[in-house]
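Observations on chain architecture
Single-letter residue listing:
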Amino acid sequence: MTSYLKKYVTALASAKDYVAQWSSDHVYADEALIVPFPTLAIFDPTKHIWSVNIKAWLYLPFEGKKLKSYLPSLPSFITRKPNETTNEDTTKINADDKLCASIPAEDNNNKIDEQNEEPPDDDMYEDALEDALDEQTENPGRLGLFFVGNSVKIVTKSIINGVEHLLQPSDESGFIEEQLDLPDEEISSLCTQIQPGCDDKKFEYEIQVNDSKIENQSKPFKCIIYVLAPHGVSVISDIDDTIKVTKVLSKRSLLKHTFYSYFKPVDGMSELYRKWSEQKCQFHYVSASPWQLYPALRCFLEKYKYPMGTMNLRKFTWSLKFLKPPDTYKNEIITQIINAYPLRKYICVGDSGELDPEIYSKLYEAFPHNIAHIFIRDICSVTECLPTCHERYVKAFENVPKDRWTVFKDPSQAETNIDKLIV
C-alpha cells in the first residue's frame, strides 16, 4: 500500500469523530448553487487577446425522495447523531488513550488543548456562503458541499460586459472549466485597478445556470478575474500550516481543523502579507485542499485581512483519483502561473509540514530568473530547528543560492521590504 493510500485510508477512518458532529440534514443544500473561483487572465501578445479561464463548481441539491434513499447508504459515522457512540467508538477511544500516553509531552499538550477547544458553530461557513453566493442559507454545513445530488451534466453561461457566453456542460461532479478569448480592448474597458497606483487590474463577471432541467436558474453568481501587468511581483502561497493552522502531520487534527473547528490563522502571517501587498504584490493561493472548501477559505481570508487573490485548489472526487501527490499537483499549478506571466518575479511561501521545500527548490531550478525568494515556515514545536530539520533544508535547497531562501518560525523574522528580495 502506497504512503498516499495509507494516508487516505487513515483519514477516512479518523474522520468519524469529527464528521459525527454533523447531522444528516447538513449534507445537502436545498437549492442549486454555483461557486465560481477567482482566476488569472492570460494575454497573447501575438493575437492581442486575453484568455479568460472560467472555473466554477455547480452544486445540485438532493431531491427529497432521493435523499431518503441516499442517507441509509452513507457510512454510519455520517448519519449517526453527534452524541451517539458504538462499540467501535469505545474501542477506538481506548486505543487513543494508549496512544496519548505514548505521545511526547509537548504533543500530548497539543492534543489536550484541542480537546478543550471551544465548540465551533456554523456561522463562519454560513458567512462564507453568504459572501460567495450572495445569499444566506441554513444549509449546508462545511461538509455539505462534498455531497452532490444528481450526477448530471448541466449547461451554464457566463456574462461578461453584458454579453452571454454559453459554456460547455459541467462534468458529472458539477465542475465547470472553460477558456474564453476576449479582445484586449474589451478587457481594458472592463478592468479596474486592484489598488491605487498599481498596473495590476481585475474585472468581475457573472455565471448562471442555463438549463431547463434546473428550477430557479435566473440568479447569477459573481466572481473576479485578475488581469496582471507583464512586470510586477506575485506571492505564491500555500494555505495549510502556512497561513491557516491545520496540523497536517496529524491526520485527526487535519480533519478537525478542516471540517469542524474554526479556521485559525497562523499568528503574524496576515500582517506580513499585508506589508507585501502595500508594496503592490499580488497573491496566488495554491493548495491541495479540495475546491469545496473555497467559500470557507474566502471567508477566512477576509476575516483575518489576508490580501485577496487567485485561488487554486484541487478537484475533489470520492475516489482514489484525489490521491494525486501534492508535490505533482502544486508543481503543475505554479508552473502554469509562472508561464502565464514569465516576466514577473515570484516569492514562494510554504511550510515544512509536507513537501513545500522540495517543491519550491525544484521550481527554482526550472525558473531561477523568476523566483526571487523562498520562505519556509518551520512548524516544529521546538524553539530551535532540530539537526534533522536543518539537514533537510540544506539538502532541499542545495541548488538554490543561500540568499534566496529563508526558514522562519516567527513571521516577524521574514523580510518585509520587497526591494531587498527582488534582486
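Look above for the structure.
Residues numbered from 1 in each chain as written. Predicted model: local features only at pLDDT ≥ 70, side-chain atom pairs only at ≥ 80, totals over all residues. Heavy atoms only, no water.

1. Thoughts on the overall build of the protein chain
Within the protein chain, the secondary structure is distributed over 15 helices and 17 strands. By the burial criterion, 50% of the 423 residues in the protein chain qualify as buried. (Helix = DSSP H or I, 4+ residues; strand = E, 2+ residues; numbered from the N terminus. Buried < 20%, exposed > 50% of the residue type's maximum accessible area, 1.4 Å probe, protein only.)

2. Describing the environment of A414
The residue A414 is located in the loop between β17 (405–408) and α15 (418–421) in this model. For A414, a relative accessible area of 4% gives the class buried. Sequence separation between A414 and R377 is 37 residues, and the spatial gap between their C-alpha atoms is 9.6 Å. Leaving out residues up to four positions away in the same chain, A414 has contacts with L272 and F375. (Contact = heavy atoms within 4.5 Å.)

3. Details of the environment of L343
Looking at the secondary structure, you find L343 in the loop between α12 (326–340) and β15 (345–351). C-alpha separation for the pair L343 and P230, spaced 113 residues apart in sequence, amounts to 5.9 Å. When neighbours within four sequence positions are excluded, L343 is seen to be in contact with P230, H231 and N370.

4. Focus: the pattern of salt bridges
Summed over the entire model, instances satisfying the criterion amount to nine salt bridges. A salt bridge links E164 to K157; the shortest N-O distance between them is 3.1 Å. Using a relative accessible area of 12% as the deciding quantity, one classes K157 as buried. For the salt bridge of K244 with D240, the shortest nitrogen-to-oxygen distance reads 3.1 Å. (Salt bridge = Lys/Arg side-chain N within 4 Å of Asp/Glu carboxyl O.)

5. Let's talk about the sheet that holds strand β13 (residues 282–290)
Pairing is parallel in the open sheet, where six strands are placed in the order β14-β13-β10-β15-β16-β17. Each having just a single partner strand, β14 (310–314) and β17 make up the two edges of the open sheet. In this sheet, adjacent strand axes meet at a mean angle of 15° when their direction is disregarded. Taken strand by strand, helix α11 (residues 294–303) contacts β13 and β14, and its axis lies near 145° from that of β14. (Pairing = 2+ DSSP bridges. Axes fitted to C-alpha atoms, helices over the stretch in contact; angles between N-to-C directions.)

6. Some remarks on unusual backbone geometry
Look at D241: it is not a glycine, yet its phi comes out positive at around 70°. Mapped onto the elements, D241 comes out in the loop between β10 (233–237) and β11 (244–245). Among the residues examined, D241 registers a relative accessible area of 5% and is labelled buried. The phi angle at K305 is positive, at roughly 60°, despite the residue not being glycine. Along the polypeptide, K305 turns up in the loop between α11 and β14.

7. Things to note about the nonpolar core
If you look at the biggest cluster of nonpolar residues, it comprises 54 residues, and the most contacted ones within it are F203, I207 and I374. Each of domain 1 (3–63 + 147–227) and domain 2 (233–420) gives at least three residues to this core. If near-sequence neighbours (up to four positions away) are discounted, I374 is found in contact with C348, Y360, S361, Y364, F397, R404, W405 and T406. Core analysis: the next-biggest nonpolar cluster, separate from the first, contains 36 residues, W57, Y285, Y306 and L421 among them. (Core = buried A, V, L, I, M, F, W, Y, C linked by side-chain atoms within 4.5 Å. Domains from an automatic or database assignment.)

8. Concerning the packing of helix α13 (residues 356–366) against helix α14 (residues 387–396)
Interhelical geometry of α13 versus α14 gives an angle of 20° and a closest axis separation of 9 Å. Classified by the angle their axes make, α13 and α14 are roughly parallel. α13 and α14 meet at a crossing whose hand is right-handed. For the pair α13 and α14, the contacting residues are P357, E358 and S361 in the first and R392, Y393 and A396 in the second. Of the residues contributing to the contact of α13 with α14, the split by class is three nonpolar, one polar and two charged. (Parallel < 35°, antiparallel > 145°, perpendicular 65-115°, else oblique. Left-handed = near helix turned anticlockwise from the far one by under 90°. Nonpolar A, V, L, I, M, F, W, Y, C, P; charged D, E, K, R; others polar.)

9. Looking at the packing of aromatic side chains
Evaluated as defined, the whole model comprises 15 aromatic pairs. With 6.4 Å between their ring centres and 70° between their planes, F375 and F408 make a pair best called edge-to-face. Of this pair, F375 sits in strand β16 (residues 371–377) while F408 sits in strand β17, and the two are 33 residues apart along the sequence. We classify F375 as buried; its relative accessible area is 1%. Its end group placed over the ring of Y329, R314 keeps NZ or CZ at 5.7 Å from the ring centre. (Phe/Tyr/Trp six-rings, centres within 6.5 Å; stacked < 30°, edge-to-face > 60°. Lys NZ or Arg CZ within 6 Å of the ring centre and 35° of its normal.)

10. What about the pairing of β10?
In terms of burial, β10 is largely enclosed, as five of its five residues are buried. Here β10 shows two buried faces, one formed by V233, V235 and S237 and the other by S234 and I236. Bridging between β10 and β15 involves five bridges; their strand directions are parallel. In the sheet register, I236 faces β15, and the bridge partner there is C348. As judged from the four bridges shared by β10 and β13, these two strands associate in the parallel manner. Its bridge partner being in β13, S234 is matched across the sheet by Q282.

11. Considerations on the side chain of Q282
Along the polypeptide, Q282 turns up in strand β13. Engagement of the side chain of Q282 in a polar contact is seen with the side chain of D200, the distance being 3.2 Å. (Polar contact = N/O pair within 3.5 Å; in protein donor to acceptor, adjacent residues only side chain to side chain.)

12. With respect to the pairing of strand β3 (residues 49–59)
Across the 11 residues of β3, nine count as buried, placing the element largely inside the fold. Where strand β1 (residues 33–36) and β3 come together, four bridges link them in antiparallel fashion. For I34, the partnering residue across the bridge sits in β3 and is L58. In this sheet, β3 lies alongside strand β2 (residues 39–44) in antiparallel orientation, the contact comprising four bridges. Within β3, the residue paired with I42 across the bridge is S51. The antiparallel pairing of β2 with β3 creates a hairpin that spans four residues between the two strands, and H48 there sits at a positive phi of about 60°.

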